[in-house]
Amino acid sequence: MFISFEGIEGSGKSTQIELIEELIRAKGYQVKKLREPGTTELGEKIRNIFLEKTTETVDPITEAFLLHASRKHLDQNFLRQNLNDGAIVIADRYADATLAYQSYGKGLDQNFVKLIHDYSQLLSPDLTFYMDISAELSRERISDREMDRMESESIEFFDKVRKGYLEIVSENPERVISLDATKSIDELKDEITLKTIEKLNASLG
């Protein structure tokens, strides 16, 4: 099974990924984690290029090609192999993020992004958790750390990204579950655990 977590910066994805990983391992499953872009040797190099601050203009088409280069390599060298070996793979962001950030956030044509995805023959998650917080709360939560190129975008940009994610949620009700990420860690853990176990039981049935 392939599970992804989505959300803007500071939404608490990393914490909940660690908690659900512990739960799934405790139930006897093999678990592999990935982050996007990144994970593979090539992907981590692309991640560094993608997030590094620069005085040059980086077009959203350029961003989309970088992301899909990393994603295709990841799909071929990590994701499919581990799923075929029976592991449950948990992703810190995946294809939804490109739609949210580059299409909704920066105006790149959604059909273009979907076309690259389809032609790359990429897998899609079986279950996605979207951690929802406002752009203002996001900025507040990450204000004490050095921000990379994407984190340094304006609050207006992240508001567009958030609205994009909410559109993705509404268009994919069978796959994407929206969570109020202002709730406590334990409340979110309980909700995620319930939905994950339901999905696991359904896949085994």
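The following paragraphs examine the structure supplied in this document.

What the protein contains, in helices and strands, is eight helices and five strands. In the protein, the order of α-helices and β-strands from amino to carboxyl end is β-α-β-α-α-β-α-α-β-α-α-β-α. On C-alpha atoms alone, the protein measures out to a radius of gyration of 16 Å, which is about the 17 Å that the 2.2 N^0.38 rule sets for 205 residues. For the protein, the C-alpha atoms occupy an extent of roughly 50 × 35 × 30 Å along the three principal directions. Considering the protein as a whole, with its 205 residues, one finds that 47% of them fall into the buried category. Taking the intrachain contacts of the protein between residues at least 6 apart in sequence as the baseline, contacts between residues at least 24 apart amount to 78%. Computed over 27 positive and 38 negative side-chain charges, the inter-centroid distance for the protein is 2 Å.

Estimates place the volume of the largest pocket at around 690 Å³. Lining the largest pocket we find 34 residues, and of these E9, K13, R47, D92 and R93 sit closest to its centre. Taken together, the elements giving at least two residues each to the lining of the largest pocket come down to α1 (13–26), β2 (31–35), α2 (41–51), α3 (60–84), β3 (88–92), α4 (95–105) and α6 (135–142). Counting residues per element, the lining of the largest pocket draws most heavily on α1, which supplies five residues. Considering only residue class, the lining of the largest pocket consists of 13 nonpolar, seven polar and 14 charged. If you go around the second largest pocket, you meet 16 residues; those closest to its centre are A95, D96, L99, H117 and R175. Considering each element in turn, the lining of the second largest pocket owes the most residues, four residues, to helix α5 (residues 110–119). Classifying every residue of the lining of the second largest pocket gives six nonpolar, four polar and six charged.

Applying the stated rule across the entire model yields 16 salt bridges. The closest approach of N and O atoms between E9 and R93, which form a salt bridge, is 3.5 Å. In this pair, E9 sits in the loop between β1 (2–6) and α1 while R93 sits in the loop between β3 and α4, placing the two residues 84 residues apart along the sequence. Considered together, E9 and R93 belong to a single accessibility category, that of buried residues. The residue D75 makes a salt bridge to R80 at a minimum N-O spacing of 2.5 Å. Since its relative accessible area comes to 32%, R80 is described here as partly exposed. In this structure, a network of salt bridges that share partners links the residues E63, K106, R149 and E153.

Moving on: the packing of α3 against α4. The N-to-C vectors of α3 and α4 enclose an angle of 175 degrees; their axes lie 11 Å apart at closest approach. The angle between the axes of α3 and α4 places the two elements in the roughly antiparallel class. Together, P60, E63, A64, L67, H68 and R71 of α3 and A95, T98 and Q102 of α4 make up the contact between the two elements. By residue class, the composition of the contact of α3 with α4 is four nonpolar, three polar and two charged.

Judged by nonpolar contacts, the single largest core of 40 residues is most densely connected at I3, F5, Y101, F129 and Y165. No other element matches the six residues that helix α7 (residues 155–171) contributes to this core. Beyond its immediate chain neighbours, meaning those up to four positions away, Y165 contacts E6, G7, I8, R93, D96, A97, A100, Y101 and Y130. Counting 10 residues, the second-largest nonpolar core is a separate cluster that includes L34, V89, A91 and Y94.

The grouping of D180, D186, E187 and D190 at the surface amounts to a negative patch. With three residues, the single largest contributor to the negative patch is helix α8 (residues 185–204). Relative to the assigned elements, D190 resides in helix α8. We classify D190 as exposed; its relative accessible area is 53%.

What counts, and where the lines are drawn
Numbers given for residues are sequential positions, taken from 1 along each chain in its written order. In keeping with the model being predicted, local features are shown solely for residues with a pLDDT of at least 70 and side-chain atom pairs are shown and tallied solely at 80 or more, while totals for entire chains, interfaces and linings include all residues. The side-chain values count all of the structure's non-hydrogen atoms but skip hydrogen atoms and water molecules. The way it works is that DSSP assigns letters per residue, a run of H or I at least four long becomes a helix, a run of E at least two long becomes a strand, and they are numbered from the N terminus. Radius of gyration means the value over C-alpha atoms here, while the globule rule gives 2.2 Å times the residue count to the 0.38 power. Burial status follows relative accessibility: with a 1.4 Å probe on protein chains alone, a residue under 20% of its type maximum counts as buried, one over 50% as exposed, and anything between as partly exposed. Only heavy atoms enter the contact rule, under which two residues are in contact if any of them lie within 4.5 Å. The charged-residue count follows a simple rule in which Lys and Arg add positive charge and Asp and Glu add negative charge, with His and chain termini not counted at all. Just so you know, the charge point we use is NZ for Lys, CZ for Arg, CG for Asp and CD for Glu. With a 1 Å grid spanning the protein atoms alone, the term cavity applies to any set of points in which a 1.4 Å probe fits but cannot get out, the term pocket to an open set with protein on both sides within 12 Å along at least five of seven lines, and the term lining residue to any residue with an atom within 4 Å of a point. Grid points are joined across faces, edges and corners, and a volume is the space filled by probe spheres set on the points. The nonpolar class holds Ala, Val, Leu, Ile, Met, Phe, Trp, Tyr, Cys and Pro. Asp, Glu, Lys and Arg form the charged class, and all remaining residues, Gly among them, are polar. Here a salt bridge means any side-chain nitrogen of Lys or Arg lying within 4 Å of a carboxyl oxygen belonging to Asp or Glu. Every axis corresponds to a line fitted to the C-alpha atoms, with the helix fit spanning only the stretch in contact, and the corresponding angles, defined between N-to-C directions, vary from 0 to 180 degrees. For classification, angles of less than 35 degrees are called roughly parallel, those exceeding 145 degrees roughly antiparallel, those between 65 and 115 degrees roughly perpendicular, and all remaining angles oblique. Here, the term nonpolar core denotes a set of buried Ala, Val, Leu, Ile, Met, Phe, Trp, Tyr and Cys residues that are joined through side-chain atoms within 4.5 Å. Nonpolar side chains (Val, Leu, Ile, Met, Phe, Trp, Tyr) are joined into patches within 5 Å and like charges within 9 Å, using only residues with over 30% relative accessible area and no salt bridge. To measure how exposed things are, a 1.4 Å probe is used in the Shrake-Rupley method; for residues, cover is taken only from the protein chains shown.

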